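Each chain is listed here by its residues.
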Amino acid sequence: MSNEAKQQQAQQPIVDDTLIAAYLEENPDFFERHPALLQQLSLRHPSKGAVSLVERQQTVLRQRVQQLEEEITDLMVTARRNEELFRYFSELYVKLLQSRSLEEVMDSLQETFSTQLQMPALTLKFFDSPLELEAQFTFAADTHKQLLSKRFREDSIYLGRLTNDELKLLFPDETIASVVLLLLGEQGELGMLAIGNHDASHFEPAMDTLLVKQLQVLLSQILPPLLKHHEAV
């Protein structure tokens, strides 16, 4: 080969898969302008052998449609679940606002979380309360400090797992794998609501906390007057 031919060959652009793909992407009507190519091209299909480009495209589109239908179904299921959760929490808020005692508060919480949401364990504890409260509402100072020091360094809501010792403090009669803990009071000084689930992945740190945060705020407002009423009784 002469030097001139070698120079011409070196100057010719190298056409690789990337350039072809980029060109076709920029010119989606290429095969409309060259319909004869569709008759000549064939693709290897894993189960059907050689198929035409049109057939292959149709198969890909059908697969994509099926995938989108599955995604839409998942979104609809999630939307229905979120609607259900919102309704349960809205009904709970009304019941809590109508509560006249700590027992009524606990009954409303138990009905929502245990009955409607199938949460197997729930406990409400107060920190160092000067009132004479039933055992189910009491929480020793040294006990809650163990939890506070580890679980509430960045937020007043904790979602995730606890150690076995911590779980025994909150749920001595249940085998709980994941929890949501809500500190109550303006500074978290009032007490704690703990909700547990048998599923270790049910409560995760990345979960949205909008509904439980609203519950936290509501309980922090309605519980102090109920405690005073409890003392008066």
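As a reminder, the structure under discussion sits directly above these lines.
The numbers attached to residues start from 1 for each chain and follow its sequence in the written order. Under the rules for a predicted model, residues below a pLDDT of 70 receive no local features and side-chain atom pairs below 80 are neither given nor counted, while totals for whole chains, interfaces and linings still include all residues. Side-chain calculation: all heavy atoms of the structure are included, whereas hydrogens and water are not.

A.B. asks: It is not clear to me how the overall build of the chain should be interpreted in this structure. Could you clarify?
C.D. replies: For the chain, the helix and strand inventory stands at 9 helices and 7 strands. A buried classification covers 34% of the 233 residues belonging to the chain. Note on contacts: a residue pair qualifies if any of its non-hydrogen atoms lie within 4.5 Å across the two residues. By sequence separation, contacts in the chain at least 24 residues apart represent 53% of the contacts at least 6 residues apart. About 15500 Å² of surface is accessible on the chain, with carbon and sulfur atoms providing 52% of the total. Counting from the N terminus, the helices are the DSSP runs of H or I reaching at least four residues and the strands are the DSSP runs of E reaching at least two. Only protein chains enter the area calculation, which uses a 1.4 Å probe; residues under 20% of their type maximum are buried, those over 50% are exposed, and those in between are partly exposed. Computed with the Shrake-Rupley method and a 1.4 Å probe, the accessible areas treat only the protein chains shown as cover for residues.

A.B. asks: Just checking my understanding: could you explain the pattern of salt bridges for this structure?
C.D. replies: Opposite charge on two side chains permits them to pair, given that their charged atoms come into close proximity. Basic side-chain nitrogens of Lys or Arg form a salt bridge, by our definition, when they fall within 4 Å of a carboxyl oxygen of Asp or Glu. Across all of its chains, the model carries 4 salt bridges by this definition. The residue Arg81 makes a salt bridge to Glu84 at a minimum N-O spacing of 2.5 Å. Placement of both Arg81 and Glu84 in helix α5 (residues 53-98) is noted, with a separation of 3 residues, approximately one turn of the helix. Given a relative accessible area of 35%, Arg81 falls into the partly exposed group.

A.B. asks: Could you clarify how one ought to interpret the side chain of Thr209 in this entry?
C.D. replies: Relative to the assigned elements, Thr209 resides in the loop between β7 (191-197) and α9 (210-232). Overall, Thr209 belongs to the buried group, its relative accessible area being 19%. Not counting chain neighbours up to four residues away, the residues in contact with Thr209 comprise Ile157 and Leu159.

A.B. asks: Whenever I open this one, the environment of Pro120 confuses me. Can you help?
C.D. replies: By secondary structure assignment, the location of Pro120 is in the loop between α6 (102-116) and β3 (121-127). Judged by relative accessible area, Pro120 falls into the partly exposed class, the value being 28%. In this structure, the C-alpha to C-alpha distance between Pro120 and Gln110, residues 10 residues apart in sequence, is 9.3 Å. Among all residues touching Pro120, those that are not within four sequence positions of it are Glu174, Ile176, Gly196, Asn197 and His198.

A.B. asks: Is there a simple way to think about the layout of surface pockets in this case?
C.D. replies: Any space left empty among the atoms is revealed by the rolling of a water-sized probe across them. If you add up the space inside the largest pocket, you get close to 430 Å³. Surrounding the largest pocket, 19 residues form its lining, Leu85, Phe89, Met207, Asp208 and Leu211 being those nearest its centre. Put simply, Ala, Val, Leu, Ile, Met, Phe, Trp, Tyr, Cys and Pro go in the nonpolar bin, Asp, Glu, Lys and Arg in the charged bin, and everything else, Gly too, in the polar bin. The class makeup of the residues in the lining of the largest pocket is 14 nonpolar, 3 polar and 2 charged. Lining the second largest pocket, in full, are Lys150, Arg151, Phe152, Arg153, Glu154, Asp155, Ile157, Tyr158, Leu159, Pro205, Met207 and Thr209. A per-element tally of the lining of the second largest pocket places strand β5 (residues 157-160) first, with 3 residues. Here a cavity means grid points, on a 1 Å grid over the protein atoms only, where a 1.4 Å probe fits yet cannot get out; a pocket means an open set of points with protein on both sides within 12 Å along at least five of seven lines; lining residues are those with an atom within 4 Å of a point. Grid points are joined across faces, edges and corners, and a volume is the space filled by probe spheres set on the points.

A.B. asks: Is there a simple way to explain the pairing of β5 in this structure?
C.D. replies: Looking down a regular strand, the side chains alternate between one sheet face and the other. Alternating residues of β5 divide into Ile157 and Leu159 and Tyr158 and Gly160, and every residue in both groups is buried. Strands are labelled as partners when DSSP assigns at least two bridges between them. Note that β5 and strand β6 (residues 178-184) share 4 bridges and pair antiparallel. Note on β6: the bridge partner recorded for Gly160 is Val179.

A.B. asks: Is there a simple way to explain unusual backbone geometry in this structure?
C.D. replies: Glycine aside, residues mostly have negative phi, and peptide bonds are mostly found in the trans state. A positive phi angle, near 55 degrees, is found at Gln118, a position not held by glycine. Structurally, the position occupied by Gln118 is in the loop between α6 and β3.

A.B. asks: Just checking my understanding: could you explain the pairing of β7 for this structure?
C.D. replies: Within β7, 7 of the 7 residues are buried, which leaves the element mostly enclosed by the surrounding structure. What you see with β7 is no split at all: Gly191, Leu193, Ile195 and Asn197 on one side and Met192, Ala194 and Gly196 on the other are buried throughout. Bridge analysis of β3 against β7 gives 6 bridges, and the strand direction is antiparallel. Counterpart to Leu124 in the pairing with β7 is Leu193. The pairing of β6 with β7 spans 7 bridges and is classified as antiparallel. By the bridge assignment, Leu182 is partnered in β7 with Leu193. In this antiparallel pair of consecutive strands, β6 and β7, the connection spans 6 residues, and Gly185 shows a positive phi of 110 degrees.

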